[in-house]
Amino acid sequence: MKRFCALVFCTLFNAACFVFGWHLILNGCSSTFLFYIAPVLSASVFLLFGNLFYKFLRLNRTGLWITMNFMGEYLGWTGLSFMTEEAPPLLHNFFDLFYIIFLRFIIFAIVWGVIWGVSVLSRRLKQQGINCAELLLKGTGMAFCCLSVLMMGHSYILQGKPNGDYKGALILFISGLYLIGYVFFRLYQMEKQRLKVE
């Protein structure tokens, strides 16, 4: 029963992300969530709960992956049909429908391809005695630093547009705060390492 509930939870999460993404599109918002954010959220949920469910419930991760992705997609399309009285304009045309499915599949393949590549690389590095977790944290920190610099530049562009002052200032504040925090954290680590050597 616990395993069944775990499968239902992950499957419904995927379906809810799909329906929510369409809800945003139908209300005139961007399609970014449906096509780009939802696949990453789905992968994150699988990586987090897949390990927990395997550890505590001995739930097979392959079965969980297949169920939450394929059944979640099916339930998402079903939920969309109940949510709208008629098909959204994007679904009236066969080529638009094909584009939506194709784009979701491509993003899906990229996300899981990256996860598979990272897992293979971390396994090989671990065999060579390299601390993968520490290396990943350092790489992630540097990647976020580069992203923060880019976002700071983007914030200045936003501030030059109508009604973009608030968004630009918010992005600038968050990016600057992360950079300052990261620099202080790295300085603390370097000082800690120096004291350890002495």
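See the structure above.
Bear in mind the structure is a predicted one, so any value in this text is a computation, not a measurement.

Caption draft 1: Layout of the overall build of the chain. Across its full length, the chain carries six helices and zero strands. Helices and strands appear in the chain in the N-to-C order α-α-α-α-α-α. Residues classed as buried in the chain amount to 27% of the 198 residues present. When the accessible surface of the chain is split by element, carbon and sulfur atoms take 72% of a total near 14,100 Å².

Caption draft 2: Expanded view of the pattern of salt bridges. Taken as a whole, this structure holds one salt bridge when the rule is applied. Here Arg104 makes a salt bridge to Glu73, at a shortest N to O gap of 2.6 Å. A residue pair is termed long-range when its members are at least 10 positions apart, and Arg104 in helix H4 (residues 94-127) and Glu73 in helix H3 (residues 61-83) qualify at 31 residues. Note on Arg104: relative accessible area 15%, which makes it buried.

Caption draft 3: Local environment of the nonpolar core. Residues Cys10, Trp22, Leu34, Phe53, Leu64 and Met68 are the most contacted members of the largest nonpolar core, which totals 21 residues. Mapped onto this core, the elements with two or more residues apiece are helix H1 (2-26), helix H2 (32-57), H3 and H4. In terms of residues, this core owes the most to one element, H2, which gives seven residues. Those residues within four positions of Cys10 in sequence are excluded, and the remaining contacts are Val45, Phe49, Phe53, Leu64 and Met68.

Thresholds applied
- Residues numbered from 1 in each chain as written.
- Predicted model: local features only at pLDDT ≥ 70, side-chain atom pairs only at ≥ 80, totals over all residues.
- Heavy atoms only, no water.
- Helix = DSSP H or I, 4+ residues; strand = E, 2+ residues; numbered from the N terminus.
- Buried < 20%, exposed > 50% of the residue type's maximum accessible area, 1.4 Å probe, protein only.
- Areas by Shrake-Rupley, 256 points an atom, 1.4 Å probe, with all protein chains shown as cover.
- Salt bridge = Lys/Arg side-chain N within 4 Å of Asp/Glu carboxyl O.
- Core = buried A, V, L, I, M, F, W, Y, C linked by side-chain atoms within 4.5 Å.
- Contact = heavy atoms within 4.5 Å.

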